[in-house]
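Given next are the chains, with one letter for each unit.
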Amino acid sequence: MSDSTLLSTDQNITQSDNHTNTKNDASNAPLKIAIIGGGLTGLFTATLLERAFIEANGKAVVPQITIFEKSRSVGRLATRYRSKVHSDAIHDNSDKQWQWAFGAQFFTAKTTSFQKFIKPWLATNLLQPWCAQVVNLTPANDAGQSADIQNKEQWSSTQARYISTPKMTSWGRILADELKHTTLNFKTRVAPLLARHCTEQNSVNSKTELFDENDNSLGSFDWIICTAPNGQALELMADSDFTEQAMISKPQMQACYTLMLGWDDVQQLPDSLSNQTIPWDVAYVQDSILDRIFIEHQKPAHENLLPSITIHARNDWSEAHVDNDIEVIKAQLLQAAQQALNWDMKSTPSQVDCHRWRYASTIKNIDNQQLGILVDDSHQWIVSGDWCAQGNIESCYQMAAETVKTICSH
Ligand SMILES: Cc1cc2nc3c(=O)[nH]c(=O)nc-3n(C[C@H](O)[C@H](O)[C@H](O)COP(=O)(O)OP(=O)(O)OC[C@H]3O[C@@H](n4cnc5c(N)ncnc54)[C@H](O)[C@@H]3O)c2cc1C
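Quick word on the overall build of the protein
Each helix and strand counted, the protein has 9 helices and 22 strands in total. In the protein, of all internal contacts separated by at least 6 residues, the share reaching a separation of at least 24 is 73%.

Right, dumping it as structure tokens:
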């Protein structure tokens, strides 16, 4: 039987590019709000803004919100899948696929407000708790250290971790679909803001005109909310006279390389994955350039996948090698993965992919002080994103909530 493979990255979160959700039909001029970035911070912000104005119960006109996203996907929430097409597929329609959540793997909900926010999607099973068995894994090495594996914890026994099903991107799609007063413009890169683009600025209001990279006007807005990673936010606001510009570069973000591995069959898995003496779903790797290993096909509602493993390299190692040739990186990670999972010729993965995230995680402050959103009241500009807090999905929600509070207080 000859197999061919189809590679696909789950990039479309809406049915069409430049997809438009319902427009505002309020008669008196609604507030116009632009959100740069269609990642979770952007989507949460639009969701909470809509809710805040709707909950004002007719006392306020619901704003017209537009999200501009340069790519076709939901930011750093990413799923890659590859179908295994059998030559006898004509008799067997059950094409199977490998699937890797190669960005965020899971998220926490520590605060009561975020727990309340995710509740409706938990009820529909779109979001599910992941009670993963977690181990510390020390690979054998050339210096004679033998491989070691130790139980670490089971997630949910102390604190719940959640995933989106069937894919990590599914939640983004649903969030986008549920927006009623928001227009989503994908494949639209917003050009850096310039001071002269602020067309109206007085004591009561401010308007800013946005442009795309080809200098086409994207419209004038009362509020601009930038949710790009801080390296990109820095460039976007560099010549705009943004009052908080110096603060953008305060938090540091680090890169992450992600290795994606797939096997054709569970029988072909190395013993470390198929006959585990200590069963595990997630391994924290010690003494290695690898950081964590995630077994995708053992996640809830992922049972039908072909054996798929996602491995994140350590952030400090990734940052130090961020400009290296990706093929060289892939070979180094593959070697480290072989050392950790201990496969031989018969159990070599058939699928190997590598992805570079230039902006993956935020270095946490020693004092745990978070920056919070950056507000320029005079221009009505807000710079936000996960990096303004702890650099995770829960931070996206916190920063979205802060943004909405700021706009509503005006
Ligand atoms: C490898 C990796 C592993 C992770 N693991 C976890 C985890 O286990 N748990 C967890 O909670 N979090 C994790 N995270 C972090 C999590 O993915 C992020 O916190 C979250 O996705 C950030 O969302 P965001 O909307 O703030 O930023 P982003 O998702 O980066 O969205 C910003 C968007 O802005 C767009 N943009 C930038 N410039 C422009 C422009 N000029 N015009 C238009 N659009 C623009 C970008 O294309 C991007 O889509 C991980 C991240 C990575 C990369």
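Some points on the pairing of strand S17 (residues 282–285)
Here strand S8 (residues 133–138) pairs with S17 via 4 bridges, running parallel. Bridge pairing links Leu137 to Val285 in S17. The hairpin turn running from S17 into strand S18 (residues 290–295), its antiparallel successor, is 4 residues long, and Asp287 in that turn takes a positive phi close to 50°.

As for the packing of helix H1 (residues 40–55) against helix H9 (residues 393–409)
Running from amino to carboxyl end, H1 crosses H9 at an angle of 40°, the nearest separation of the two axes being 8 Å. Taken as axis vectors, H1 and H9 run oblique relative to one another. At the point where H1 passes H9, the crossing takes the right-handed sense. Where H1 approaches H9, its residues Leu40, Thr41, Phe44, Thr45, Leu48, Leu49 and Ala52 are matched on the opposing element by Ile393, Cys396, Tyr397, Met399, Ala400, Ala401, Thr403, Val404, Ile407 and Cys408. Considered class by class, the residues forming the contact of H1 with H9 number 14 nonpolar, 3 polar and no charged.

Quick look at helix H4 (residues 230–237)
Listed in full, the buried residues belonging to H4 are Asn230, Gln232, Ala233, Leu236 and Met237. All buried residues of H4 project into a common sector of 155° when viewed along the axis, lining one side. Among the structural elements, strand S2 (32–36), strand S15 (223–226), helix H5 (245–248), strand S16 (253–262) and strand S22 (381–383) are those in contact with the buried residues of H4.

Here's the deal with the sheet that holds strand S9 (residues 148–154)
Taken in spatial order, the 7 strands make up an open sheet running S9-S8-S17-S18-S19-S16-S20, and their pairing is mixed. At either end of the open sheet lies a strand with only one pairing partner, and these are S9 and strand S20 (351–362). In this sheet, adjacent strand axes meet at a mean angle of 20° when their direction is disregarded. In this structure, S18 lies alongside strand S19 (residues 308–313), joined through 5 bridges in antiparallel fashion.

A few points about the sheet that holds strand S10 (residues 161–164)
Strands sit in the order S6-S10-S7 across an open sheet of 3 strands; the sheet is antiparallel. In this open sheet, the two edge strands, each paired with only one partner strand, are strand S6 (107–108) and strand S7 (127–129). Bridge analysis of S6 against S10 gives 2 bridges, and the strand direction is antiparallel. The partner of Phe107 across the bridge, within S10, is Tyr162.

Comments concerning unusual backbone geometry
Note that the residue after Thr165, namely Pro166, is joined by a cis bond; omega there is 0°. Residue placement: Pro166 occurs in the loop between S10 and helix H3 (170–177). The residue Asp215 is not glycine, and still its phi comes out positive at about 70°. Even without a glycine there, the phi angle at Asp287 is positive, about 50°. Looking at where Asp287 falls in the secondary structure, it is placed in the loop between S17 and S18.

Regarding the environment of Ser164
The residue Ser164 is located in strand S10 in this model. Looking at Ser164, the number of C-beta atoms within 10 Å reads 26, which means it is buried. If we ignore the near neighbours within four places in the chain, the residues touching Ser164 are Leu126, Leu127, Ser170 and Trp171.

Quick look at the packing of H1 against H3
The N-to-C vectors of H1 and H3 enclose an angle of 30°; their axes lie 10 Å apart at closest approach. Classified by chirality, the crossing of H3 by H1 is left-handed. On H3, the residues that touch Leu40, Leu43 and Thr47 of H1 are Gly172, Leu175 and Ala176. Partitioning the contact of H1 with H3 into residue classes produces 4 nonpolar, 2 polar and no charged.

What about the pairing of S2?
Counted residue by residue, S2 has 4 buried out of 5 residues, so it is predominantly covered. With 5 bridges joining them, S2 and strand S3 (residues 64–68) adopt parallel strand pairing. Considered in S3, the bridge of Ile35 is made with Ile67. Relative to S15, S2 runs parallel, the two being bridged by 4 bridges. Bridged to Ile35 within S15 is Ile225.

Some points on the environment of Ser217
Along the chain, the position of Ser217 falls in strand S14 (residues 217–221). Judged by local crowding, Ser217 falls into the exposed class, with 10 C-beta atoms found within 10 Å. Once the C-alpha coordinates of Ser217 and Ala191 are considered, the two residues, 26 residues apart in sequence, prove to be 9.9 Å apart. Setting aside anything within four residues of it in sequence, one finds Ser217 in contact with Glu209 and Phe211.

Remarks on H3
Among the 8 residues in H3, 6 count as buried, and that is most of the element. Regarding H3, the residues found buried are Ser170, Trp171, Gly172, Arg173, Leu175 and Ala176. Where H3 is buried, its residues touch H1, helix H2 (112–123), S7, S10 and strand S11 (182–185).

Here is what the cut-offs are and how they apply
- Residues numbered from 1 in each chain as written.
- Predicted model: local features only at pLDDT ≥ 70, side-chain atom pairs only at ≥ 80, totals over all residues.
- Helix = DSSP H or I, 4+ residues; strand = E, 2+ residues; numbered from the N terminus.
- Contact = placed C-beta atoms within 7 Å.
- Pairing = 2+ DSSP bridges.
- Axes fitted to C-alpha atoms, helices over the stretch in contact; angles between N-to-C directions.
- Parallel < 35°, antiparallel > 145°, perpendicular 65-115°, else oblique.
- Left-handed = near helix turned anticlockwise from the far one by under 90°.
- Nonpolar A, V, L, I, M, F, W, Y, C, P; charged D, E, K, R; others polar.
- Buried ≥ 20, exposed ≤ 12 C-beta atoms within 10 Å, placed from the backbone.
- Arc of directions from axis to C-beta.

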